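Summary of the model geometry
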Amino acid sequence: MSVSAYTRSETLRALWPWLPLWTLVALLAIFSHGPMPLYSTRTLAVAWEMWSHSHWLVPYINGEPYSEKAPLLFWLIHAGWFVFGVSDMWPRVLEVLIGGVQLVLVSVLARRLFPNRPWIAKGAPWMLLALSYAFLFGQQIMYDVLLAVWALAALLCLTPRLDRAEPRWLLFGLCIGAGLLTKGPVMLLHILFPWLLGPLWNAWAREHRARWYGRGVLSVLLGGAILLAWALPAGFAGGDAYRQRLFFTQTAGRVVKGMQHAEPLQSHAHPSWWYLIYLPVLMFPFSAWPRASVALVVALFEKPWRTGMRVGLGLMAVAVLGLLSLLAFHWHAPQLEHLLMLLLLIPLLIVLLRQPLEPGLHFLLCWLLPTFLVFSLISGKQAYYPLPEFGGGVMLIAATIAILRERRPVLADNPWLGTWPLGVGGMIFGIFLFALPALVAGNHLHGEWFDGSASYSRFFGMIFLLLGALLLVRGRGEMRRLAVAGLIATLALNTLFTLALWPKYDLSPSARLLGDADIAQHPIAYLGNYDGQFHFEGRLLHPITELWGQQAVKDFAQAHPDALIVDHPEKLDASDLHYALLVQPFRSSWMVIWPADSLADLYSGRTPPEPTLPTRIYPLQDAHHLSQP
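Residues numbered from 1 in each chain as written. Predicted model: local features only at pLDDT ≥ 70, side-chain atom pairs only at ≥ 80, totals over all residues. Heavy atoms only, no water.

Some details on the packing of helix α5 (residues 89-113) against helix α6 (residues 118-130)
α6 packs onto α5 with a crossing angle of 150° between their chain directions and a minimal axis gap of 8 Å. In terms of axis orientation, α5 runs roughly antiparallel to α6. Crossing of α5 over α6 shows right-handed handedness. Within the contact between the two elements, α5 uses Q102, L103, V106, S107, A110 and R111 and α6 uses I120, A121, A124, P125, L128 and L129. Here the contact of α5 with α6 is built from residues that sort into nine nonpolar, two polar and one charged. (Axes fitted to C-alpha atoms, helices over the stretch in contact; angles between N-to-C directions. Helix = DSSP H or I, 4+ residues; strand = E, 2+ residues; numbered from the N terminus. Parallel < 35°, antiparallel > 145°, perpendicular 65-115°, else oblique. Left-handed = near helix turned anticlockwise from the far one by under 90°. Contact = heavy atoms within 4.5 Å. Nonpolar A, V, L, I, M, F, W, Y, C, P; charged D, E, K, R; others polar.)

Observations concerning the sheet that holds strand β7 (residues 589-595)
Think of a sheet as strands paired side by side through backbone hydrogen bonds, with each pair either parallel or antiparallel. With mixed pairing, six strands are arranged side by side in an open sheet as β4-β3-β5-β7-β6-β8. Strands at the two margins of the open sheet, each flanked by one partner only, are β4 (545-547) and β8 (616-617). In terms of strand pairing, strand β3 (residues 524-527) meets strand β5 (residues 564-567) through three bridges, oriented parallel. The residue bridging A525 from the neighbouring strand is I565, located in β5. Packed onto the sheet, helix α25 (residues 508-519) meets β3, β5, β6 (582-586), β7 and β8 and runs at close to 140° relative to β6. Packing of helix α29 (residues 596-603) onto the sheet brings it into contact with β3, β5 and β7, and relative to β7 it is tilted by some 105°. (Pairing = 2+ DSSP bridges.)

Focus on the packing of aromatic side chains
Applying the stated criterion to the full structure yields 35 aromatic pairs. Ring centres 5.8 Å apart and planes at 85° place the aromatic pair F74 and Y143 in the edge-to-face group. One end of the pair, F74, is in helix α4 (residues 72-84); the other, Y143, is in the loop between α7 (132-137) and α8 (144-158), and 69 residues separate them in sequence. The burial state of F74 is the same as that of Y143; both residues are buried. Judged by centre distance (6.4 Å) and plane angle (50°), the rings of W204 and W212 are tilted. Neither residue differs from the other here; W204 and W212 are each classed as buried. Among the aromatic residues, those joined into a cluster by ring pairs are W169, F172, W201, W204, W212, F363 and W367. A cation sits over an aromatic face here: R405 above W119, 4.3 Å from the ring centre. Positioned above the aromatic ring of W48, the side-chain terminus of R539 is 5.7 Å from the ring centre. (Phe/Tyr/Trp six-rings, centres within 6.5 Å; stacked < 30°, edge-to-face > 60°. Buried < 20%, exposed > 50% of the residue type's maximum accessible area, 1.4 Å probe, protein only. Lys NZ or Arg CZ within 6 Å of the ring centre and 35° of its normal.)

Quick notes on the pairing of β3
Side chains I524 and Y526 of β3 all project onto a buried face; the interleaved residues A525 and L527 project onto the opposite face, where all are buried too. One ladder, built from three bridges, connects β3 with β4; its direction is parallel. When the bridges of β4 are listed, L527 appears paired with L547.

Some points on the side chain of D88
Turning to its location among the elements, D88 is positioned in the loop between α4 and α5. Take D88: its relative accessible area is 18%, and that puts it in the buried class. Polar side-chain contacts of D88 include one of 2.9 Å to the side chain of R92. Residues in contact with D88, not counting those within four places in the same chain, are P35, L44 and F536. (Polar contact = N/O pair within 3.5 Å; in protein donor to acceptor, adjacent residues only side chain to side chain.)

Structural notes on the confidence of the model for the protein
In the predicted model, the protein carries a mean pLDDT of 89, and 92% of its residues have values of at least 70. This stretch, residues 258-265, has a pLDDT under 50; its non-local contacts, to residues over four places away or in other chains, come to 11 contacts. (pLDDT = per-residue confidence, 0-100.)

Some thoughts on the side chain of Q533
When you line up the elements, Q533 lands in the loop between β3 and α26 (535-538). Owing to a relative accessible area of 4%, Q533 belongs among the buried residues under this scheme. Separated by 3.4 Å, the side chains of Q533 and Y526 make a polar contact. Here the side chain of Q533 touches D531 through a polar contact of 2.9 Å, landing on its backbone nitrogen.

Comments concerning unusual backbone geometry
Excluding glycine, residues mostly have negative phi values, and the peptide bonds linking residues are mostly trans. Following P37, the chain continues into L38 via a peptide bond in cis, with omega recorded as 5°. Mapped onto the elements, L38 comes out in the loop between α2 (18-30) and α3 (39-52). Of note, N443 is a non-glycine position whose phi angle comes to about 60°, a positive value. What makes N443 exposed here is its relative accessible area of 59%. Of note, the phi angle at R539 is positive, near 50°, even though the residue is not glycine. Within the fold, R539 resides in the loop between α26 and β4. Judged by relative accessible area, which is 29%, R539 ranks as partly exposed.

Here we look at the environment of V220
With respect to the element layout, V220 can be found in helix α12 (residues 209-238). Its relative accessible area of 21% is what places V220 among the partly exposed residues. Distance from V220 to L192, taken between C-alpha atoms, is 9.3 Å for residues 28 residues apart in sequence.

Printed below as a string of structure tokens:
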């Protein structure tokens with residue numbers, strides 16, 4: 001058998017059983033409820049508007065060019081709609097398929113980076129599928145899982161194979177181009193540092209620096225040319241305002257804090273330390289596994305230390321103390337925050353790269369630490385922005401655990417470093433779910449989650465008790481038990497959300513009513529900022545007008561007396577329940593659809609005419625529940 005055939009055979013064997021298990025659980029989770037507002041519904045709204053108005057080049061939302069994203073995901077959705085027809089089924093299946101490809105790429109990349117440690121390639125996908133946040137976000141019809149696929153594929157092109165040391169530069173450029181067409185220039189951030197720092201981890205790059213950087217530049221230019229092949233004609237087709245946002249402000253608005261633009265941008269500004277604080281949440285449950293933390297320290301900081309190690313650790317300690325002081329005293333000093341993050345991560349990278357670590361670890365460090373630093377310094381932050389790096393994070397954990405088993409077998413088998421904290425936590429949570437109905441009935445706990453979950457919590461309490469008991473088991477297979485428990489626990493929480501809270505997120509009643517009005521040519525308006533949450537479900541063909549303030553409502557109603565207006569109040573009053581067409585809960589507030597003239601009458605202090613039909617209230621509830629969603 002040839003080397004390539006043997007490698008393919010080993011890869012296929014390694015897919016079992018984690019890929020079928022993950023696919024089954026992901027399909028159950030993503031089809032347990034409808035597309036989630038506002039993430040999935042906005043993506044579907046853009047895809048629908050492109051489809052229904054034949055805008056194949058420029059994405060549109062609510063009648064305007066949509067500069068926030070590039071079109072590749074929309075084109076993939078359209079490809080399925082051409083074959084299967086328009087529905088939300090294909091986009092959801094597509095997300096599951098993309099997630100499965102991501103897991104396979106992590107396994108293949110781990111095998112490439114650590115050819116002498118096959119357990120890492122087997123363990124890394126188990127860890128990735130168990131990350132609670134990554135799994136739940138992967139059920140959203142969004143761009144970042146697809147971006148992760150292209151980033152991992154591009155990095156795979158850089159890594160050496162047994163029969164080929166030189167990177168596959170053409171494929172590297174094509175993957176960059178596909179990533180740019182998925183989410184724009186941020187693709188470069190996910191792949192730039194492993195290439196720029198190539199000689200620190202890649203022997204071929206050290207021996208052929210000119211070819212490494214020269215052909216790498218050509219690959220990046222190829223990726224940029226692929227993006228420009230779409231962006232240039234799209235910019236001219238979308239108009240001046242769209243072209244300005246597409247090429248300049250939509251990226252700059254995320255990078256530079258406080259940039260002002262004529263139109264609002266999704267900048268999501270947060271402090272520099274934001275990702276550092278949320279890292280344990282993003283890497284849960286492995287962030288709560290003591291053996292993983294010990295393995296990271298032991299494997300990466302193995303003595304004897306190189307010269308300058310203590311200096312680097314001292315600078316990092318100063319940075320940590322400074323960041324803790326900022327947090328403790330609630331000080332906000334952006335420049336100081338940036339300086340402290342630089343003081344923490346740059347010495348850490350230098351110290352670790354000076355350690356005698358194997359090339360695979362150096363690759364992961366060259367990828368993860370500089371990328372994490374840049375994401376921290378950029379103003380715009382969302383928990384899902386570094387999603388492509390989650391695969392690198394689990395590979396790093398898997399690699400250090402493999403090294404711990406080899407070098408410190410006593411620590412690798414120490415029961416106090418096992419999964420017992422997660423097991424105890426799972427059992428405590430299960431007991432809490434058992435007690436929740438009594439706590440709610442006795443008025444000891446109240447809230448959206450508690451009240452909604454009380455009817456179902458005891459069944460799920462049993463699940464968490466069993467998972468907790470599973471994590472208290474000692475012996476071989478500890479990591480896989482943790483991965484399976486994490487995956488099932490995340491599915492259980494998603495199912496509990498579906499049973500208890502999904503009616504407060506399901507906008508289909510409102511969307512159907514608005515869809516009927518749109519077919520009847522009734523204009524529709526929305527009080528405030530509209531995010532496309534009705535367009536796909538209602539199959540709307542016309543834009544929804546955004547209104548700001550009572551005078552705008554009166555003017556709109558005067559111009560369009562047969563129109564409908566959607567309001568989003570925090571609380572309901574008697575007028576909402578008597579004169580509105582439809583009332584339904586939405587998150588922790590309400591969605592109310594009005595005849596435009598009736599709402600304008602109320603704003604003018606007049607009594608609206610009596611409605612011909614009673615207000616539709618969704619779901620049917622008693623009077624107590626109408627005061628609080």
